[in-house]
Amino acid sequence: MMEYLPCEIVLDILSRLSVTSLLQFKLVCKSWHNLTQDPLLVSMHFYHAPENDPCLIVHCDHPIRNQLYSLELSDPENDQRVNKLRVPMFPEFDIKGSCKGLLCLCDSSTRDSLYAYNPFTRNYIELPKSIDETLYDLSLVFGFGFNQTTKEYKVVKVVYWRIRPRYPRHFSIMFSLQSEVQVFTLGKPSWRSLGKIPHFLYAQGPSQVLVNGRLHWTTWPRRYHIGCMLISFDLEDEQFREVPKPDSGGLERLHFDAVELGGCLAGVLHQNYGQLEIWVMKEYDVKESWIKEFNIAIHVPRGLKHADRNSAEPFRDSKFYRKSSFVRVLGLLKNGEVLLEYKCRALVTYDQKDGTFKDLTFPEMPYWFEAVIHEGSLNWIDSLTG
């Protein structure tokens, strides 16, 4: 039947499918396989991807390291499977970010190797190394984003280290904290240094906080100051800026997680026993536009209620076993429900309209995992960086 439709209509229909559906589509026959390689279809799919719910990339490291799975959220009625992804022979890795079809992976053992990787095409590149391994007490904070103006991917790496002054005058200054901001643009030959940063950024995990063309982090608590700061990095002019917080409600005095919800910047306050307050900045960079949008009550998913110490014992070697947060906000679905991850064990949606929770269960879901919101794409990295 497809051969009787105009090519532009076929491409438009296919470009609105999930990336998992497209991968199944290409297996039907050779002509359909060739169609999925059409640069116009790949480009159109890249453009339409934000219109649908994203997929999840699920990272599992036990019993086998470096296991990745994909899970479609855009069509849960027809595709409720967890699909295992074939991963190249990377070293043991952590996911440092996800943006526009690509993952940023970091070698978790040496931390000196970074990769840009498309999990659906299995295409990847290794980034040049830039860390001085002689630095003492090295700490790294990453960001990964896409500049819509220049159509470039950028990796931001903030390197912190401590140096020992030659003649310290006081014990409290035995070690001095130093920093350097490094930026790598995919397709360029080397890293660039932007100098020092006066903030100690907090690395809160793999969830990418990219809003309005800027990456966002909170800072570690500062001596003699209450609360933390909200810092942005503009991917176009490569400047750091402080983002205003509301004067009341908790964000001004407590530590919080920065997240992206429905294209808006948001702050998540963790209350007792897994309760959450979520504040949303409705108009970017406008202090008065912050509102408290979600009050999420205590919830214990079924999978955690029935778990016991013996069932978890085999997974103690997993790096996700001792994650501190009981609940993590992943994102906002198109139907307005909040997607939550509980204790690296369970996925749950929360409906603000009636205050109900829905535990999401999928066949072959890993026992212990970390989920990352991801826009699937069939783009090859060479075509994005050329």
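Residues numbered from 1 in each chain as written. Predicted model: local features only at pLDDT ≥ 70, side-chain atom pairs only at ≥ 80, totals over all residues. Heavy atoms only, no water.

1. Describing the nonpolar core
Logical step 1: Leu14, Ile57, Leu68, Ile95, Leu103 and Leu105 are the most contacted members of the largest nonpolar core, which has 23 residues in total.
Logical step 2: At the level of secondary structure, the elements contributing two or more residues to this core comprise helix H1 (7-14), helix H2 (19-25), helix H4 (39-48), strand S1 (55-60), strand S4 (93-99), strand S5 (102-107) and strand S6 (114-118).
Logical step 3: Core analysis: the second largest hydrophobic core is formed by 21 residues, Phe46, Cys106, Leu114 and Tyr153 among them. (Core = buried A, V, L, I, M, F, W, Y, C linked by side-chain atoms within 4.5 Å. Buried < 20%, exposed > 50% of the residue type's maximum accessible area, 1.4 Å probe, protein only. Helix = DSSP H or I, 4+ residues; strand = E, 2+ residues; numbered from the N terminus.)

2. Some remarks on the environment of Arg111
Logical step 1: Within the element layout of this structure, Arg111 appears in the loop between S5 and S6.
Logical step 2: Given the relative accessible area of 32%, Arg111 is considered partly exposed.
Logical step 3: Sequence-wise, Arg111 and Glu92 are 19 residues apart; in three dimensions their C-alpha atoms are separated by 10.0 Å.

3. Focus on empty space enclosed by the protein
Empty space left among the atoms is revealed by rolling a probe the size of a water molecule over them.
Logical step 1: Scanning the model with the defined rule gives one cavity of 30 Å³ or more in all.
Logical step 2: In this structure, the largest cavity spans a volume of roughly 120 Å³.
Logical step 3: Contributing to the lining of the largest cavity are 14 residues, with Ser18, Val19, Ala49, Asp53 and Gly376 lying nearest its centre.
Logical step 4: Per-class residue counts for the lining of the largest cavity are five nonpolar, six polar and three charged. (1 Å grid on protein atoms, 1.4 Å probe; cavity = no way out; pocket = protein on both sides within 12 Å on 5 of 7 lines; lining within 4 Å. Points joined across faces, edges and corners; volume = space filled by probe spheres on them. Nonpolar A, V, L, I, M, F, W, Y, C, P; charged D, E, K, R; others polar.)

4. Topic: unusual backbone geometry
Logical step 1: Not every positive phi belongs to a glycine, and Asn212 is a case in point at roughly 60°.
Logical step 2: Within the secondary structure, Asn212 is located in the loop between strand S13 (210-211) and strand S14 (214-219).
Logical step 3: Even without being glycine, Lys343 reaches a positive phi, approximately 50°.
Logical step 4: Relative to the helices and strands, Lys343 resides in the loop between strand S22 (338-342) and strand S23 (346-351).

5. A look at the sheet that holds S6
Logical step 1: What the four strands build is an open sheet, ordered S4-S5-S6-S7; its pairing is antiparallel. The strands lining the two open edges of the sheet, one partner per strand, are S4 and strand S7 (123-126). On average, each strand axis in the sheet is inclined to that of its neighbour by 25°, with strand direction left out of account. (Pairing = 2+ DSSP bridges. Axes fitted to C-alpha atoms, helices over the stretch in contact; angles between N-to-C directions.)

6. A few points about the state of the cysteines
Logical step 1: Per the stated rule, a full pass over the model turns up zero disulfides.
Logical step 2: Just so you know, Cys106 is unpaired, no disulfide at all, and the nearest cysteine sulfur is the one on Cys104, 7.4 Å from it. (Disulfide = S-S within 2.5 Å.)

7. Section: the sheet that holds strand S18 (residues 264-270)
Logical step 1: Strands sit in the order S17-S18-S19-S20 across an open sheet of four strands; the sheet is antiparallel. Looking along the sheet, the strands with just one partner apiece sit at the ends: strand S17 (257-261) and strand S20 (290-296). Looking at each pair of strands side by side, their axes are set apart by 30° on average, direction ignored.
Logical step 2: Alignment of S17 against S18, held across five bridges, turns out to be antiparallel. Counted as the bridge partner of Ala258 is Gly267 from S18.

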